[in-house]
Amino acid sequence: MSRAVNRADVDEVHAEFYAAFEAGDFDRMSAVWADGPYAAGVSCVHPGWTMLRGREEVLRSWALIMANTTYIQFVLTDVETDVYGDHAVVTCKENVLTADEDTEAGFLAGGSIVATNVFVRAGGEWRLLLHHGSPVLNVVDAEEE
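Predicted model only: the values in this text are computed from it and were never measured.

About the cut-offs
Residues numbered from 1 in each chain as written. Predicted model: local features only at pLDDT ≥ 70, side-chain atom pairs only at ≥ 80, totals over all residues. Heavy atoms only, no water. Helix = DSSP H or I, 4+ residues; strand = E, 2+ residues; numbered from the N terminus. Expected span 1.5 Å × (residues − 1). Buried < 20%, exposed > 50% of the residue type's maximum accessible area, 1.4 Å probe, protein only. Arc of directions from axis to C-beta. Salt bridge = Lys/Arg side-chain N within 4 Å of Asp/Glu carboxyl O. Phe/Tyr/Trp six-rings, centres within 6.5 Å; stacked < 30°, edge-to-face > 60°. Core = buried A, V, L, I, M, F, W, Y, C linked by side-chain atoms within 4.5 Å. Contact = heavy atoms within 4.5 Å. Pairing = 2+ DSSP bridges.

(A) Here's a closer look at helix H3 (residues 55–67). The terminal C-alpha atoms of H3 lie 18 Å apart, and with 13 residues this matches the ideal 18 Å at 1.5 Å per residue to within 8%. Buried residues of H3: Arg 55, Val 58, Leu 59, Ser 61, Trp 62, Ile 65 and Met 66, and no others. Buried residues of H3, viewed axially, fall in a sector of 150°; they line one side. Among the exposed residues of H3, those oriented more than 90 degrees off its buried face are Glu 56, Arg 60, Leu 64 and Ala 67.

(B) Local environment of the pattern of salt bridges. For the structure shown, the criterion picks out four salt bridges. When the shortest N-O distance is used, the salt bridge between Glu 16 and Arg 28 registers 2.7 Å. You can see Glu 16 sitting in helix H1 (residues 3–23) and its partner Arg 28 sitting in helix H2 (residues 26–32), a full twelve residues away along the chain. Overall, the relative accessible area of 26% leaves Glu 16 in the partly exposed class. A salt bridge links Arg 121 to Asp 86, with the nearest nitrogen and oxygen atoms 2.9 Å apart. Placement of the pair is Arg 121 in strand E5 (residues 107–122) and Asp 86 in the loop between strand E3 (71–84) and strand E4 (87–99), with a sequence separation of 35 residues. In this structure Asp 86 comes out as partly exposed when scored by relative accessible area, which is 40%.

(C) Layout of unusual backbone geometry. Backbone geometry at Asp 78 places phi at a positive 55°, although glycine is not the residue there. You can see Asp 78 is positioned in strand E3. Residue Asp 78 is classed as exposed on the basis of its relative accessible area of 58%.

(D) Broad picture of the packing of aromatic side chains. Applying the stated criterion across every chain, the model contains six aromatic pairs. Centre to centre, the rings of Phe 17 and Tyr 18 are 4.8 Å apart; their planes meet at 75°, and the pair counts as edge-to-face. The pair formed by Phe 17 and Tyr 18 is uniform in burial state, with each residue classed as buried. With centroids separated by 5.1 Å and ring planes inclined at 65°, the aromatic side chains of Tyr 18 and Phe 74 adopt a geometry described as edge-to-face. Taken together, the residues Tyr 18 in helix H1 and Phe 74 in strand E3 connect sequence positions 56 residues apart.

(E) Structural view of the nonpolar core. If you look at the biggest cluster of nonpolar residues, it comprises 32 residues, and the most contacted ones within it are Phe 17, Phe 21, Met 29, Trp 33, Trp 62 and Phe 119. Going through the elements one at a time, H1, H2, H3, E3, E4, E5 and strand E6 (125–135) are the ones with two or more residues in this core. Here the element with the most residues in this core is H1; it accounts for six residues. Each residue touching Phe 119, except ones within four places of it in the same chain, is listed here: Val 10, Val 13, His 14, Asp 86, His 87, Ala 88, Val 90, Trp 126, Arg 127, Leu 128 and Leu 129.

(F) Inspection of the pairing of E3 at higher detail. Relative to E4, E3 runs antiparallel, the two sharing twelve bridges. Bridge pairing in E4 places Val 75 opposite Asn 95. Between E3 and E4, which pair antiparallel one after the other, the connecting turn spans two residues, and Gly 85 there sits at a positive phi close to 65°.

See the structure below:
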């Protein structure tokens with residue numbers, strides 16, 4: 001299998017991760033994450049949170065987040081995918097818009113997060129093993145560099 005095909009397959013699962021989050025679809029989100037022998041090593045750092053480890057704990061966090069998120073949209077930029085055998089690393093900038101039905105205008109926040117997503121190929125399918133998101137706190141300084 002060529003490196004380009006591997007990269008396209010990883011990019012597809014990467015896109016599904018964000019689509020599942022935007023849709024608030026827990027079943028789709030669950031399907032993206034690694035399981036079986038990798039379940040104990042599944043890890044996630046949501047922006048501002050401590051490390052979560054283990055598939056159950058990580059999926060519990062996604063259920064909580066999705067249950068409390070009325071609307072979220074991601075525009076991904078600076079996406080870079082590198083494949084190393086049965087592992088892949090995708091880095092990107094998440095440009096996030098969130099809204100809430102309870103506010104008059106419906107708008108709550110927008111912001112940027114840098115993310116690292118590590119995938120493992122298990123049973124011929126790419127699955128998410130680690131998601132780490134870190135907020136970009138000072139956009140002006142970052143843009144000047």
